[in-house]
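These are the residues of each chain, in order.
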Amino acid sequence: MAINAHLINISKKIGVLSDPKNLTAKAKGHCQKIAATIKSFTLLGKFGLTVVTFFVLLAVFAPLITVHPYDLPSGPPLMAPGEGHLLGTDDLGIDIWAQLCRGAKISIIVGLGTALLAGLGGGLIGIISGYVGGILDKIIMRLIDIMLVIPDFPVMILLAAFLGPSLTNIIIVLALFSWVSSARIARSQILMLKEKTYIKSAVLYGAGTWYLMRKHFLPEIFPLIAVQMIRLTGRAIISEAGLSFLGLGDPTSKSWGLTIHYATSFKGIYYTDFWKWWLFYPWLFLMLMVVSLAFISRDLERIADPRLRKK
Amino acid sequence: MIRLAGGDWGYPTPYGLYPRGPGSRKMNLIFDSLVKTDSSGKIAPKLASEWESSEDGLTYTFKLNPKAKWHDGKPFTAEDVVFTYNYMKQYIPVSGGCPDSIKQVEKVDDQTVKIKIDEANVDFLSNSSSWIIIPKHIWESVTDPNNFTSAEAAVGTGPYKLVDYSKEHGTYHFVANPDFWGSKPRVKEIKFVPAGETILAFEQNEIDRISVTPDILSRYENNPEYKILSYETSWAYRLYFNMKARPELAEKSFRQAIAYAIDRQELVDKIERGAAVPGSPGVLHPNNEFYNSKAAQYTHNTNKAKELMSNLGYKDADADGILKNNKGERLSFRLLCDDGSARLAEVIKQHLAQAGIEVVINSVDMKTRDARFKDGDFELCINGSGNGEDLSELTTIKSEGKATSTTAQAIGYQNTEVDELYIAQQKEKDPKKRKEIMFKLQQIVADDVPKLTLYYKNSLNVHRPSVYDGWSLDTYHSDSRSNFVDD
């Protein structure tokens, strides 16, 4: 229902529909489309979707499903998984399960934040570049070329160290290096669409820029950008974990990367039993999340990209 | 050959090194001072074979060791000592500088120097033990000593020669000096090699000695292949207050409240897994011969901390757990730490939160922390070092000629009584009376809490006796000179 209401809202804003009856039908159509998309997923894609949904639920309902606080000690340090502490405790006596639930939230914030910022921002830049053309296009394309040859992770490390550790900074830094691919995809689509006869005839019939954008460009480009965004989400999560692992994250955020960082910097952890819970579970969560996102994006790409579909 | 875990600590000269223990200890393999302080605290000969002080304690005459030679074969003479003094006055070294109290150094003959100091000080000789002598014939033409890192910069009189150094890899390679003036070095070669995970490197025979935590000690116990040496050290983590940046920290009872709020025993148990001694507010380690056990201890007591805070007028009016001052501003501090002490900072944050003080952790790399600490760019700071025990940090008196320092003064703290007592103990020749003064000094310092010692680290070191068994029982530093040579 909430989704329906949301769609109604969006539709209203776009102003495509005014008849409420028509509206629910349209919303139903959307739902059916989504269901159909999911149905056409491979087994791995469905698995990915389940895992990601699980993590999203974990992040949203973290305060309800964890007994212990994620930032305060709630038991003796380095307790093995068992009664009271599902996944044991870390060196400060903080519950690992509570930390990982909190980490899921951080991963999703970073992943979605970066994907939205880079995907939409990059998409917009690409559309402008392709549509306006001329000197602006040239400038943007050269900028993209420069961004492409800069090795991103070392610069990210530098920027993260320079801007200081915080979640917002990490999202900004990641977005700065991830908008390029979305921009290129959007631009190439626009360049192709611009030359299509139906667009040309629409222009001849007096269609304005915004009309074209809304009616023709966005619907064509959005699926491709969406695929790109899912891929970015995975990359952002792994980059955040990487930066945190190197000690460049917010030292008190409980992201998965940071938990792994503290576990691995615990001297001689591999010669104790502690890694079996303190290191293993955050690694498992991180791996599941990233692999699942990769599965989803692979399936979506297959659906969105007609060239791949033919194969 | 001995291999130890590497790391870049700069070029091992008084001007090129990074001013922390590992840097100085590498320099001490190459260079010598006039005298040294042995493990029992007695002054022993190094480049000076004998010395005497005048009646008034203002003039010291050193007889130099005639056998001492520079690594390049040139003889070591009184000229070098005079030159080093003048050079270090002109260019302040990063570490190994001459004591500030020296007024004049003059050559009597090739093997004798006379040093005049401005005030009698019982610690003069022990202060001189960190003063590094450099060769005149090499340094006299050097005008940019901090960037002088050619091979000849590492020419000293000490037991080891530097044959290779790589800043990028953090590696050093030392070989024994066959012409060393003292006894023959017991180890021919010392290599500092890259080792990410030291325990793994030790197990794979890549390095020969490591320090371990109590959790993995059982791997090496009751095994004839390994030997464990344990040390109680005075290397301590301390909490520093910047009373200039945050005037509320200048209030004595505010700092006392912080001392009550932090459970130092829990820090020891959690961060060091029990291998440490909780810090004493009087700064000195309980093992120190001058330690005063009667000084205030501030046993963990959150309620007492809250009481002190409320006496100062801090109230939690809106009951959100954070105290506010009379203007309604939240009591929040930025705590600067390096990434090695981020975990420690997190526990302190938890403890202070219980007393209603909010802490925002700012974790940076060690060298940035050191630089910001030196510049006073912090509100609260966790810093650790092995030489904060002489209390000079708490006085307004400068102790040593150093261009940079990792242990600065307690910013904004000034207590003339502390200054006076510190000077008095420096001059006191009678050990019993000196102890009395030190006791009094600790009582005042513990009452004032100008810095809070969190804990002193213990060290558990493991080595293979079959490879080398000459490790010193007096120092836990594996790169310390006393492991390899008797002077």
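Residues numbered from 1 in each chain as written. Chains lettered and ligands numbered in written order. Predicted model: local features only at pLDDT ≥ 70, side-chain atom pairs only at ≥ 80, totals over all residues. Heavy atoms only, no water.

Asks: Tell me about the packing of aromatic side chains, and name the residues and values.
Replies: Residues and elements named next belong to chain B. Counting across every chain of the model gives 43 aromatic pairs over all chains. Judged by centre distance (4.7 Å) and plane angle (70 degrees), the rings of tyrosine 240 and phenylalanine 373 are edge-to-face. On the criterion of sequence distance, the pair formed by tyrosine 240 in strand β12 (residues 227-241) and phenylalanine 373 in helix α10 (residues 366-375) is long-range, its members being 133 residues apart. Judged on exposure class, the residue tyrosine 240 and its partner phenylalanine 373 are both buried. Here a set of aromatic residues connected by ring pairs shows up, and it is made of Tyr15, Phe83, Tyr87, Tyr91, Trp139 and Phe148. If you follow arginine 246 out to its NZ or CZ, it ends over the ring of phenylalanine 333, 4.2 Å from the centre. (Phe/Tyr/Trp six-rings, centres within 6.5 Å; stacked < 30°, edge-to-face > 60°. Helix = DSSP H or I, 4+ residues; strand = E, 2+ residues; numbered from the N terminus. Buried < 20%, exposed > 50% of the residue type's maximum accessible area, 1.4 Å probe, protein only. Lys NZ or Arg CZ within 6 Å of the ring centre and 35° of its normal.)

Asks: How would you explain the confidence of the model for chain A if you had to name every residue and give the values?
Replies: Residues and elements named next belong to chain A. Confidence along chain A averages 86 in pLDDT terms, with 91% of residues attaining 70 or more. The secondary-structure element of chain A with the lowest mean pLDDT is helix α1 (residues 2-14), recorded at 48, while helix α13 (residues 275-278) shows the highest, at 95. The low-confidence segment residues 10-18, where pLDDT is below 50, has seven contacts with residues more than four positions distant or belonging to other chains. (pLDDT = per-residue confidence, 0-100. Contact = heavy atoms within 4.5 Å.)

Asks: I'd like a description of the domain arrangement of chain B, backed by residues and values.
Replies: Residues and elements named next belong to chain B. Split by domain assignment, chain B resolves into domain 1 (2-155 + 469-483) and domain 2 (233-459). Relative to domain 2, the C-alpha centre of domain 1 lies at a distance of 32 Å. Residue-level contacts link 18 residues of domain 1 with 23 residues of domain 2. A buried area of about 1,800 Å², summed over both sides, lies between domain 1 and domain 2, and 46% of it is on carbon and sulfur atoms. Ranking the residues of domain 1 by area buried against domain 2 places Arg20, Val122 and Tyr476 at the top, with a combined share of 33%. At the boundary of domain 1 with domain 2, the tally comes to three salt bridges. Taking the shortest distance from any N to any O, the salt bridge between arginine 20 and aspartate 370 comes out at 2.9 Å. At the junction of domain 1 and domain 2, the tally comes to six residue pairs in polar contact (both at pLDDT 80 or more). Classifying every residue of the side of domain 1 that touches domain 2 gives 10 nonpolar, three polar and five charged. (Domains from an automatic or database assignment. Buried area = accessible area lost by both parts, 1.4 Å probe. Salt bridge = Lys/Arg side-chain N within 4 Å of Asp/Glu carboxyl O. Polar contact = N/O pair within 3.5 Å; in protein donor to acceptor, adjacent residues only side chain to side chain. Nonpolar A, V, L, I, M, F, W, Y, C, P; charged D, E, K, R; others polar.)

Asks: I'd like a rundown of the sheet that holds strand β4 (residues 48-53) of chain B, residues and numbers included.
Replies: All names here are of chain B. One open sheet holds the four strands; their spatial order is β4-β5-β7-β6, and the pairing between them is antiparallel. In the strand order of this sheet, the two ends are held by β4 and β6 (102-109), each with one partner. Neighbour-to-neighbour, the strand axes of this sheet turn through a mean angle of 20 degrees, independent of strand direction. Of the pairings in the sheet, the one linking strand β5 (residues 59-64) to strand β7 (residues 112-117) comprises five bridges and is antiparallel in character. In the strand pairing of β7, threonine 61 is matched with lysine 114. (Pairing = 2+ DSSP bridges. Axes fitted to C-alpha atoms, helices over the stretch in contact; angles between N-to-C directions.)

Asks: An account of the nonpolar core is requested, with residue identities and associated values reported.
Replies: Within the largest apolar cluster, 96 residues are counted, with the highest numbers of intra-cluster contacts made by Leu239(B), Ile382(B) and Leu454(B). Counting residues per element, this core draws most heavily on helix α14 (residues 280-304) of chain A, which supplies seven residues. In contact with Ile382(B), other than residues within four places in its own chain, are Tyr237(B), Arg238(B), Leu239(B), Leu335(B), Leu336(B), Cys337(B), Ser341(B), Leu344(B), Ala345(B), Ile348(B), Arg369(B) and Leu454(B). Ala48(B), Ile117(B), Tyr231(B) and Val485(B) belong to the second-largest nonpolar core, a separate cluster that totals 64 residues. (Core = buried A, V, L, I, M, F, W, Y, C linked by side-chain atoms within 4.5 Å.)

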